[in-house]
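# A structural walkthrough
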Amino acid sequence: MSGAVRIGTTPSRQARILGVGAHRPPRVIDNAEVCTWIDSSDEWIRQRTGIVTRRWAAPEVGVVDMAEDAAAKALAAAGLAGEDVDAVVLATVSHPYQTPAAAAIVADRLGATPAAAFDVSAGCAGFCHGVALGADLVRGGTAGHVLVVGVDKLSDFTDVHDRSTAFLFADGAGAVVIGPSEEAGIGPTVWGSDGGQADAIRSKVSWLQLREREAPAAGAAAEQVAVEAAAAAPEQAPWPYLEQAGQTVFRWAVWQMAPVAQRALDAAGVRAEDLDAFVPHQANARIIDAMVKQLKLPESVRIARDIVDMGNTSAASVPLAMERLLADGEVPSGGLALLIGYGAGLSYAAQVVRLP
Ligand SMILES: CC(C)(COP(=O)(O)OP(=O)(O)OC[C@H]1O[C@@H](n2cnc3c(N)ncnc32)[C@H](O)[C@@H]1OP(=O)(O)O)[C@@H](O)C(=O)NCCC(=O)NCCS
């Protein structure tokens, strides 16, 4: 008999982005300042990455603060208040506490309690993972309004003396509110991961290795951890700085990510010429150019180039770039944008969205 019993009803509805907000830290760091840390040049950094300046948050401003500001602006843009939010999905890799999730604190600060709140760790692809979750939560009826935040304070985890990362990483936050709509405003997400390349972008040492360096414990297992920690970063201060194999990530992004973006277009039934904007993760201007070429995007499609003065803000880069295009009036409200995030994992996610 139980086979005939129904467990509630699942409302069938669509989802769309209702508002976007951004937090850009006030402190601007130019390439000349970076070159006081590492042996490099303004010309090299511009040519190899497209970055002219980046922004770093003040020491006392954390991931939660930046997320709160961007989220409050997204809510205001959507004409909603904290109490309207049913779930907060916060993508980050730089909240400096293992637990609790930054999302719960942000929800509380916004007056969104008792919204469900959790963090997503998918590197620079985190925000697009959040959009996938937010859209499905709304479509499935689990939530009415979902706040999706991408936020990172990579300056806390950047070794300013590391010649392969010091010029790239930056801080910021971007947020969107996703809610119900009659027409589909968020296309199917194409996503995935390749943990076989987990070493390509990672923390230099684990929290355990850090502890063992600070206060070595007795025992063979602890000794092994300490040995591994020393081997991982022989001359470095004990801190989980981000390290990356630049060339490996560059090649993977250039060759693997354009096909993912194309699959997201195909899944949405949208052609390149239908797009108003392409908003890829802001990792490197040369990667963006290569993707534009492979996707054969016509000149009518605006290309987000927030990287020039924001650097690589990881999970924040896609919503920040989206916000910029709208704020500058470069794309119309209601236009179609192709989003793609990719990074540590290695992980990636892409989808077509209708802009708020
Ligand atoms: C990091 C990155 C900009 C480096 O550019 P690259 O062209 O791969 O640089 P390489 O490491 O091959 O080095 C090329 C040359 O520049 C030099 N170089 C490296 N770092 C330098 C620096 N900071 N300043 C000046 N010169 C530098 C190297 O010594 C090398 O010189 P050589 O040709 O005389 O040997 C690039 O690999 C990149 O953007 N990768 C992807 C990063 C990324 O997207 N990460 C996040 C993903 S979420």
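On a predicted model such as this, the values are computed, not experimentally measured, just so you know.

## Observations regarding the site of the ligand
The environment of the ligand is formed by 23 residues, the closest being Ser40, Arg48, Gln244, Gln247 and Asn284. Here Trp44 contributes a side-chain N or O atom positioned 3.2 Å from an oxygen atom of the ligand. Arg48 places a side-chain nitrogen or oxygen 2.5 Å from an oxygen atom of the ligand. In isolation the ligand offers 950 Å² of accessible surface; the protein chains occlude 72% of this area. Every element with two or more residues in the shell around the ligand is listed here: α2 (42–49), α8 (246–268), α9 (285–295) and β13 (336–343). Broken down by element, the shell around the ligand gets its largest block of residues, four residues, from α8. Its residues placed into classes, the shell around the ligand shows ten nonpolar, nine polar and four charged.

## A short note on the nonpolar core
Counting 52 residues, the largest nonpolar core has Met257, Leu275, Phe278, Leu297, Leu338, Ile340 and Tyr342 as its most contacted members. Elements with a contribution of two residues or more to this core: α8, α9, β13 and β14 (347–354). Top element by residues in this core is α8. It accounts for ten residues. In this structure, this core is formed jointly by two domains, domain 1 (14–181) and domain 2 (190–199 + 243–354), each of which donates at least three residues. Excluding anything up to four places from it in sequence, Met257 contacts Trp252, Met291, Ile340, Tyr342 and Tyr348. Counting residues in each nonpolar core, the second largest holds 34 residues, with Ile178, Ala277, Val318 and Leu339 among its members.

## Overview of the UniProt feature "domain: Beta-ketoacyl-[acyl-carrier-protein] synthase III C-terminal" (unreviewed entry) in the protein
Taking the UniProt record as the reference, the feature "domain: Beta-ketoacyl-[acyl-carrier-protein] synthase III C-terminal" (unreviewed entry) is found at residues 265–354. End-to-end, the C-alpha atoms of residues 265–354 are 13 Å apart, and along that stretch the chain is 33% helix and 24% strand.

## So, the side chain of His281
For His281, the position within the fold is in the loop between β11 (277–280) and α9. By relative accessible area, His281 is classed as buried at 1%. Those residues in contact with His281 that sit more than four places away from it in its chain are Cys124, Ile288, Asn312, Ser314, Ser317, Val318, Ile340, Gly341 and Tyr342.

## Observations concerning the UniProt feature "domain: Beta-ketoacyl-[acyl-carrier-protein] synthase III N-terminal" (unreviewed entry) in the protein
Taking the UniProt record as the reference, the feature "domain: Beta-ketoacyl-[acyl-carrier-protein] synthase III N-terminal" (unreviewed entry) is found at residues 118–195. Secondary structure across residues 118–195 comprises 19% helix and 33% strand; the distance between its end C-alpha atoms is 22 Å.

Rules behind the numbers
- Residues numbered from 1 in each chain as written.
- Predicted model: local features only at pLDDT ≥ 70, side-chain atom pairs only at ≥ 80, totals over all residues.
- Heavy atoms only, no water.
- Near = heavy atom within 4 Å.
- Polar contact = N/O pair within 3.5 Å; in protein donor to acceptor, adjacent residues only side chain to side chain.
- Areas by Shrake-Rupley, 256 points an atom, 1.4 Å probe, with all protein chains shown as cover.
- Helix = DSSP H or I, 4+ residues; strand = E, 2+ residues; numbered from the N terminus.
- Nonpolar A, V, L, I, M, F, W, Y, C, P; charged D, E, K, R; others polar.
- Core = buried A, V, L, I, M, F, W, Y, C linked by side-chain atoms within 4.5 Å.
- Buried < 20%, exposed > 50% of the residue type's maximum accessible area, 1.4 Å probe, protein only.
- Domains from an automatic or database assignment.
- Contact = heavy atoms within 4.5 Å.
- UniProt positions renumbered as here; feature names shortened; annotations may be inferred.

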